[in-house]
Amino acid sequence: MSEAPVTEKKKVIFSAIQPSGTITLGNYLGALQNWVKLQDEYNCIFAVADLHAITVRQEPQHFRRNILEAYALLLACGIDTEKSPFFIQSHVHTHAELAWILNCYTQFGELSRMTQFKDKSQKHADNVNAGLFTYPSLMAADILLYQADLVPVGVDQKQHLELARNIAERFNGIYGNTFRVPDPYIAQVGAKIMSLQDPTRKMSKSDENVNAWVAVLDKPDIIMKKFKRAVTDSEAKICVGEGKDGINNLIGIMSAVTGKTSDEITADFEGKGYGDFKVAVAEAVIEKLRPIQERFDEYIANKDYLTEQYRKSAEFALRISQRTLDKAMKKIGYLAK
Ligand code: ATP
Ligand code: LTN
């Protein structure tokens with residue numbers, strides 16, 4: 001076992017996920033599964049980013065349920081609050097406070113260049129609000145408050161992380177060393193799961209076509225149906241290849257779920273057809289998700305337990321983050337309370 005020597009301080013990792021709708025197989029294989037693995041090697045801090053979520057209009061009852069379900073689901077996936085504080089962003093007031101401060105050290109031009117802002121303002125043209133625009137400074141606050149060394153993010157969030165680094169460097173340049181400048185954490189198995197209906201696009205929970213994604217909480221028969229309908233090419237040979245986006249994606253999913261390499265999978269299915277393969281991938285996914293779904297059912301039925309977990313983590317997060325906020329405010333020149 002490669003245990004770090006006790007004298008070596010573990011690096012700090014921060015990451016968060018928005019509670020905006022269903023958590024997909026893409027989120028699980030691309031992000032959450034890695035978070036769970038990182039917990040032993042690093043000092044991890046995780047959050048449900050519910051402040052970010054209202055940059056898009058949320059229906060109150062739905063929203064309340066989504067936040068709690070996202071929390072329960074991440075616990076069910078294996079986030080362990082004994083190892084990694086895991087809190088709800090809106091419960092820790094330092095996030096909104098530092099976000100305001102960082103807004104004043106972030107340039108209009110920088111925010112205008114963010115591709116997520118451009119995409120989302122096109123998608124929600126009737127609600128291009130200031131929060132959508134300043135989303136990256138809140139994300140920077142999330143990260144910088146914990147002096148995170150590393151931030152696991154997908155490619156879609158790399159631009160935001162780059163901006164967080166720029167904000168930290170700018171602030172440190174004016175006031176002296178205040179924030180650690182975070183690096184992106186690139187997962188060793190960088191699973192990017194594609195849509196089952198258009199395998200040239202990533203599997204995304206906001207895709208209106210429900211057959212395009214599998215939710216972590218989808219029932220087995222639904223998962224089977226979605227995989228059977230998955231779009232593939234007409235070559236009917238199970239191997240990775242150019243122009244075979246559908247099959248490449250199914251092999252990628254099979255590999256992420258079983259830990260087998262694509263060569264092993266190709267060998268396992270030698271002489272078999274796409275129909276058999278789709279059923280096999282669906283079965284592997286169903287088996288992978290079954291224990292998560294069972295644990296989710298237990299957690300969601302035990303609200304007291306969930307409350308205890310997120311309160312305990314929020315207290316811890318507040319203690320740590322308050323130190324950074326106080327330090328930053330003192331440097332700016334605010335009077336001590
Ligand atoms: P949206 O549809 O609202 O953009 P999303 O499903 O893309 O949502 P996010 O909340 O943006 O999900 O992402 C949460 C995490 O899951 C991020 O770390 C992101 O990189 C990862 N992730 C999202 N979709 C995929 C995917 N298809 N494959 C691998 N990782 C993914
Ligand atoms: N913007 C991210 C979620 C998020 C995040 C963060 C990720 C909010 N704050 C801090 C990493 C670090 C997303 O939509 N995936």
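A short tour of the structure in this document, coming up. Worth saying up front: this structure is predicted, and the values here are computed from it rather than measured.

**Some thoughts on the site of ligand 2**
For step 1, the next point in the chain: Among the 13 residues in the neighbourhood of ligand 2, the closest are listed as Gln18, Tyr135, Met139, Asp142 and Gln157.
For step 2, the next point in the chain: Tyr135 has a polar side-chain atom sitting 2.6 Å from a nitrogen atom of ligand 2.
For step 3, the next point in the chain: When ligand 2 is considered free in solution it has 360 Å² of accessible area, and contact with the protein chains removes 89% of it.
For step 4, the next point in the chain: Contributions of two or more residues to the shell around ligand 2 are made by strand E1 (12–17) and helix H7 (130–144).
For step 5, the next point in the chain: A total of four residues in the shell around ligand 2 trace back to one element, the largest contributor, which is H7.
For step 6, the next point in the chain: Partitioning the shell around ligand 2 into residue classes produces eight nonpolar, four polar and one charged.

**Focus: helix H8 (residues 158–175)**
For step 1, the next point in the chain: End to end, H8 covers 26 Å across 18 residues, agreeing with the expected 26 Å (1.5 Å per residue, within 8%).
For step 2, the next point in the chain: For H8, the set of buried residues is His160, Leu161, Leu163, Ala164, Arg165, Ile167, Ala168, Phe171 and Asn172.
For step 3, the next point in the chain: Once H8 ends, the next one or two residues include Gly176, with phi positive near 90°.

**Some points on the site of ligand 1**
For step 1, the next point in the chain: In the neighbourhood of ligand 1, 15 residues make up the surrounding shell, with Ile193, Lys202, Ser204, Lys205 and Ser206 lying closest.
For step 2, the next point in the chain: Gly26 is positioned with one of its backbone polar atoms (N or O) 3.2 Å from a nitrogen atom of ligand 1.
For step 3, the next point in the chain: Contact distances for ligand 1 include 3.2 Å between an oxygen atom and a side-chain N or O atom of Asp156.
For step 4, the next point in the chain: Contact with the protein chains covers 87% of the free accessible surface of ligand 1, which is 600 Å².
For step 5, the next point in the chain: At four residues, the largest contribution of residues to the shell around ligand 1 is made by helix H1 (residues 25–38).
For step 6, the next point in the chain: Within the shell around ligand 1, the residues separate by chemical class into five nonpolar, six polar and four charged.

**Topic: the pairing of strand E2 (residues 43–48)**
For step 1, the next point in the chain: Of all six residues in E2, five are buried, a share of seventy percent or more.
For step 2, the next point in the chain: Note: E1 against E2, six bridges, orientation parallel. Residue pairing across strands places Val12 opposite Asn43, the latter belonging to E2.
For step 3, the next point in the chain: In terms of handedness, the path from E1 via H1 over to E2 forms a crossover that is right-handed.
For step 4, the next point in the chain: Relative to strand E3 (residues 86–88), E2 runs parallel, the two being bridged by three bridges. By the bridge assignment, Phe46 is partnered in E3 with Phe86.

**Overview of the nonpolar core**
For step 1, the next point in the chain: Of all hydrophobic cores here, the largest spans 66 residues; its most connected members are Leu25, Phe227, Ile253, Phe277 and Val285.
For step 2, the next point in the chain: Apart from residues lying up to four places away in sequence, Val285 is in contact with Leu25, Ile223, Phe227, Ile253 and Val257.
For step 3, the next point in the chain: Phe87, Tyr105, Ala148 and Ile167 belong to the second-largest nonpolar core, a separate cluster that totals 38 residues.

**With respect to the packing of aromatic side chains**
For step 1, the next point in the chain: Evaluated as defined, the whole model comprises 15 aromatic pairs.
For step 2, the next point in the chain: Ring centres of Phe14 and Phe87 lie 6.5 Å apart, and the angle between their planes is 50°; on these two criteria the pair is classed as tilted. You can see Phe14 sitting in strand E1 and its partner Phe87 sitting in strand E3, a full 73 residues away along the chain. Each member of the pair, Phe14 as well as Phe87, carries the same accessibility label: buried.
For step 3, the next point in the chain: Residues Phe14 and Tyr146 carry aromatic rings whose centres are separated by 5.4 Å and whose planes lie at 5° to one another, so their mutual orientation is stacked. Of the two residues, Phe14 is situated in strand E1 and Tyr146 in the loop between H7 and strand E4 (150–152); the sequence distance between them amounts to 132 residues. Each member of the pair Phe14 and Tyr146 is classed as buried.

**Some words on the side chain of His52**
For step 1, the next point in the chain: Relative to the helices and strands, His52 is located in helix H2 (residues 50–53).
For step 2, the next point in the chain: Among the polar contacts made by the side chain of His52, one reaches the side chain of Gln89 at a distance of 3.3 Å.
For step 3, the next point in the chain: Leave out the neighbours within four places in its chain, and His52 touches Gln18, Gln89, Tyr135, Leu138, Met139 and Asp142.

**A short note on the packing of helix H9 (residues 220–228) against helix H12 (residues 274–300)**
For step 1, the next point in the chain: Where H9 contacts H12, the axes come no closer than 9 Å and their chain directions differ by 150°. When the axis of H9 is compared with that of H12, the two are roughly antiparallel. Our pair here, H9 against H12, has a crossing hand that is right-handed. Across the interface between the two elements, Pro220, Ile223, Met224, Phe227 and Lys228 from H9 touch Lys278, Val279, Val281, Ala282, Glu283, Val285, Ile286, Leu289 and Gln293 from H12.
For step 2, the next point in the chain: Here the residues of the contact of H9 with H12 are counted per class, giving 10 nonpolar, one polar and three charged.

**Focus: H12**
For step 1, the next point in the chain: Here H12 is 27 residues long and its end C-alpha atoms lie 37 Å apart, about the 39 Å a rise of 1.5 Å per residue gives.
For step 2, the next point in the chain: Along H12, the largest kink reaches about 35° and is centred on Leu289; proline Pro291 follows within four residues of it.

Conventions used here
- Residues numbered from 1 in each chain as written.
- Chains lettered and ligands numbered in written order.
- Predicted model: local features only at pLDDT ≥ 70, side-chain atom pairs only at ≥ 80, totals over all residues.
- Heavy atoms only, no water.
- Near = heavy atom within 4 Å.
- Polar contact = N/O pair within 3.5 Å; in protein donor to acceptor, adjacent residues only side chain to side chain.
- Areas by Shrake-Rupley, 256 points an atom, 1.4 Å probe, with all protein chains shown as cover.
- Helix = DSSP H or I, 4+ residues; strand = E, 2+ residues; numbered from the N terminus.
- Nonpolar A, V, L, I, M, F, W, Y, C, P; charged D, E, K, R; others polar.
- Expected span 1.5 Å × (residues − 1).
- Buried < 20%, exposed > 50% of the residue type's maximum accessible area, 1.4 Å probe, protein only.
- Pairing = 2+ DSSP bridges.
- Right-handed = clockwise from strand over helix to strand, strands pointing away.
- Core = buried A, V, L, I, M, F, W, Y, C linked by side-chain atoms within 4.5 Å.
- Contact = heavy atoms within 4.5 Å.
- Phe/Tyr/Trp six-rings, centres within 6.5 Å; stacked < 30°, edge-to-face > 60°.
- Axes fitted to C-alpha atoms, helices over the stretch in contact; angles between N-to-C directions.
- Parallel < 35°, antiparallel > 145°, perpendicular 65-115°, else oblique.
- Left-handed = near helix turned anticlockwise from the far one by under 90°.
- Bend = angle between axes of the 7 residues up to and from the residue.

Any functional reading would require information that these geometric values do not contain.
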